[in-house]
Structure formats: C-alpha cells, structure tokens
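Listed below, chain by chain, are the residues.
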Amino acid sequence: MISQQFSGATDFLGFVSLLSHPESEAENILASKLYEKKYRKGELILETGQVCKQVYFVDSGLVKTFFYTETREFIMRFFPEGNLFTVLDSFVLQQPSAYSVLALEDTTITCLNYDDLEMLCRQYHSMETFYRKLLSLAAVNMMDRIGGVLEEKAQAAYRKFLKEHGPLLQRISLADLASYLGITQVSLSRIRAMK
C-alpha cells in the first residue's frame, strides 16, 4: 500500500508537486487525466481479486485496506483525506489484488489510471521521478508497518497508533482498530482501560 500524507498537499496535483516539480506541460496533461469518484460509506472501492488500475488521492472521507483469512479480518492501513494510496503489488504488476479497499465514510477521491501514469512517466522525467519517490515511500511505509506488527506488543502498538493517527479514533470503529492492531476487541478494551 502506498500511504503517504504531506502537509500542504490538498489535492492530487499538490501531492505530485511535493515529490517532483513537473513541467507545466506535464502538469497540464496530468490534470487532464485526473477524474473524481464518490463512494458512500460501506461501499467497496476495490474488491479482492480485482486488478487495481488506479492511484487514488483522498479528497474527503476515510478508507481502509484489508483482507480476510478464514478466521478474521486484518486491516493494513487507514487513509484519511490528504493521502495518496494504491494497492501497490496489484497496481505495479497489474495482477489481482489480495486486498479490498472500503469507504468508512462518504468519500471523494481523485483517480489516475495506470496507463496514464505509465504514459506520463515515459514522456516526462519529472513524472518518472514522482513515481520512483512514491514507490520508495511505499516500501518504507510497508516495512514500518510489517516491523510494527512483528515487533511491537499490543500496548506499544496502540500508543504508537494514538501518537501517529490519534484523530482517526473518532472516525473508526473499535473493531477496525483492533483488527488493525492484530488483537481482539477484548484485548483492546483492556489496553484502553489501562490509560
């Protein structure tokens, strides 16, 4: 998953400008390829088994990426407004996704299609730079997420979530938070009671 938020990035073009400085021609073509989609709370943006064909910027709302095993749901990331994301392996390899993406609130996103990004990267070095930096950030974020899951105890993971994503607590369910932390709701209740 790409999950990156930069202060000052209020839209897709602003986000691109923070990672690279596209020529005005590249920026104009990029702007012409962007389109907006709206999703209702509870609506799937991407379903497991579909190929992820877009990079998304959350203009407003909140989404989660997740997958199911036979026994439970695992949440990989939450993406509030101001975040650019995609299902990285599905997008880069254009193969079916192992993850689903769901709107947790009424959500508006700006999309860029895979083919359009590839064309822009071929034609403009600045767009290739943007994509390279985006993939690098995604790799760092994923390593951090995996490391956190493997190394941290539940209480430390909860504290880290509060520090990094505290405002989201008012916007996500306790069940989703427990799933993100990889613990049961009962365990999460105990940790919250220890404050």
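To be clear, the structure that these remarks concern was listed above.
Undergrad: How should I be thinking about the packing of helix α2 (residues 24–33) against helix α4 (residues 114–123) in this particular structure?
TA: Packed helix pairs are characterised by how far apart their axes lie and by the angle those axes make with each other. Relative to each other, α2 and α4 sit at 175 degrees, their axes nearing to 11 Å. Between α2 and α4, the angle falls in the class roughly antiparallel. On α4, the residues touching Ala26, Ile29, Leu30 and Lys33 of α2 are Asp116, Met119 and Leu120. Along the lines of polarity and charge, the residues of the contact of α2 with α4 split into five nonpolar, no polar and two charged.

Undergrad: For this particular structure, what's the right way to read the packing of helix α1 (residues 12–19) against α2?
TA: One can describe the packing of α1 onto α2 by two numbers: an axis separation of 11 Å at closest approach and a directional angle of 145 degrees. Between α1 and α2 the crossing geometry is right-handed. Within the contact between the two elements, α1 uses Phe12, Leu13, Val16 and Ser17 and α2 uses Glu27, Leu30 and Ala31.

Undergrad: Just checking my understanding: could you explain the pattern of salt bridges for this structure?
TA: Close approach of charged atoms lets side chains of opposite charge pair. Scanning all chains against the criterion turns up six salt bridges. Of the charged contacts, one joins arginine 171 and glutamate 81 as a salt bridge, the two residues approaching to 2.7 Å between their closest N and O atoms. Of this pair, arginine 171 sits in the loop between α6 (154–165) and α7 (174–181) while glutamate 81 sits in the loop between β6 (73–80) and β7 (83–85), and the two are 90 residues apart along the sequence. Overall, glutamate 81 belongs to the partly exposed group, its relative accessible area being 30%. Among the salt bridges present, the one from arginine 171 reaches glutamate 105, with a minimum N-O distance of 2.9 Å. Highlighted residues: arginine 171 in the loop between α6 and α7 and glutamate 105 in the loop between β8 (100–103) and β9 (107–113), separated in sequence by 66 residues. What makes glutamate 105 partly exposed here is its relative accessible area of 21%. Linked by salt bridges that have partners in common, Lys64, Glu73 and Asp176 make up one network.

The rules behind each value
Residues numbered from 1 in each chain as written. Predicted model: local features only at pLDDT ≥ 70, side-chain atom pairs only at ≥ 80, totals over all residues. Heavy atoms only, no water. Axes fitted to C-alpha atoms, helices over the stretch in contact; angles between N-to-C directions. Helix = DSSP H or I, 4+ residues; strand = E, 2+ residues; numbered from the N terminus. Parallel < 35°, antiparallel > 145°, perpendicular 65-115°, else oblique. Contact = heavy atoms within 4.5 Å. Nonpolar A, V, L, I, M, F, W, Y, C, P; charged D, E, K, R; others polar. Left-handed = near helix turned anticlockwise from the far one by under 90°. Salt bridge = Lys/Arg side-chain N within 4 Å of Asp/Glu carboxyl O. Buried < 20%, exposed > 50% of the residue type's maximum accessible area, 1.4 Å probe, protein only.

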